[in-house]
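# Structure at a glance
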Amino acid sequence: CQWMQYCNIFMQRAMPLFKMRCALLHKRSFAQLTQLVMRDGVRRDDQHGPHKSSFNTQYTNLVYNGTMHVIAKPALVEFWERFPDAESSLKAWYHTMESEIFINFNDLRETFASADYVDGLTVFNIGGNKYRLIAAIHYNRYKVFIRAVLTHGEYDYGHWKKRK
C-alpha cells in the first residue's frame, strides 16, 4: 500500500530526531508520540491515494521544532519593572512555556490548571492570582503571542477585551 510506504519513509528519516525530542518531552513517551504519528501522520484520500504533503504538520513540527515559542518577552520585562514582585512568577511562566509543548488547551491545562479560555485568548493567573497574563496561543504553529500583562484590577476593568 502506497500510504504505508510514505509512513515508513517518514519514520525512517525522522526516527533519530524523534527519539531525541522524546527525551525532552516529560509528558509523552516515545510510544505515545509514535502512536500519534501513526494515527494522524498520513492523510489519505481514497480516490487519489496519499498526498505528497500528507504528513500532518502538527506532529512533524513537534519532531523538528521542539518547544513553544513565546513572542514579546519585552512585555514581560516591562511589566516586572513596574511590579518587581511579579518578576519571579513571570520568569517561571516564560521558562515553562519555552520548555514545553502544548498540543491543545486541554494539554496546557495539565501544566497550568488555573488557565482559562476567554474570547479566543488564554488567561493565566500569575503570582498567586495578583496578576493576569493574556496570550493568544497558536497550538498548530507552537506560538504564544503575549497580548497583555495586567494587575487583577486592570483585568477586572475589562479594557483588554476591546483590544483585539
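The structure we're discussing is the one just above.
To keep things clear, this report deals only with the structure shown in the data block. Here the structure is a predicted model, which means the values were calculated and not measured.

Among the nonpolar cores identified, the biggest contains 28 residues, and Trp93, Leu108 and Phe124 are the most heavily contacted of them. Broken down by secondary-structure element, the contributors of at least two residues to this core are α4 (73–82), α5 (87–99), α6 (105–111), β5 (121–126), β6 (131–138) and β7 (143–151). Beyond its immediate chain neighbours, meaning those up to four positions away, Phe124 contacts Trp93, Leu108, Phe112, Ala115, Tyr131, Arg132, Leu133, Ala135 and Ile137. In this structure, Leu121, Val123, Ile134 and Tyr155 belong to the second largest nonpolar core, which totals nine residues.

Let's shift gears to the packing of aromatic side chains. This model, assessed by the stated rule, comprises seven aromatic pairs. When the ring of Phe79 is compared with that of Tyr131, the centres are 5.3 Å apart and the planes differ by 85°; the resulting orientation is edge-to-face. Here the residue Phe79 occupies a position in helix α4, and Tyr131 occupies one in strand β6, the gap between them amounting to 52 residues. The pair formed by Phe79 and Tyr131 is uniform in burial state, with each residue classed as buried. Among the aromatic residues, those joined into a ring-pair cluster are Trp93, Phe102, Phe112 and Phe124. The positively charged end of Lys73 is found above the aromatic ring belonging to Tyr94, 4.7 Å away from the centroid. We note Arg132 situated over the ring of Tyr155; from NZ or CZ to the ring centre the distance is 4.4 Å.

Reading the values: rules and limits
- Residue numbers here run from 1 along each chain, matching the order of that chain's written sequence.
- Selection of residues for local features in this predicted model requires a pLDDT of at least 70, selection of side-chain atom pairs for listing and counting requires 80 or more, and totals for whole chains, interfaces and linings are taken over all residues.
- Side-chain numbers come from the whole structure's heavy atoms, not from hydrogens or water.
- Note on terminology: a nonpolar core comprises buried Ala, Val, Leu, Ile, Met, Phe, Trp, Tyr and Cys residues joined through side-chain atoms within 4.5 Å.
- For each residue, the accessible area found with a 1.4 Å probe, counting protein chains only, is set against the maximum for its type, and the residue is called buried under 20%, exposed over 50%, and partly exposed in between.
- Every helix listed is a DSSP run of H or I at least four residues long, and every strand listed is a run of E at least two residues long, numbered separately from the N terminus.
- We call two residues contacting when some pair of their heavy atoms lies within 4.5 Å.
- Stacked, edge-to-face and tilted labels apply to pairs of Phe, Tyr and Trp rings (six-membered ring for Trp) whose centres lie within 6.5 Å, assigned for plane angles under 30 degrees, over 60, and everything in between, in that order.
- Only lysine NZ and arginine CZ atoms are considered, and such an atom sits over a ring when it is within 6 Å of the ring centre and within 35 degrees of the ring normal.

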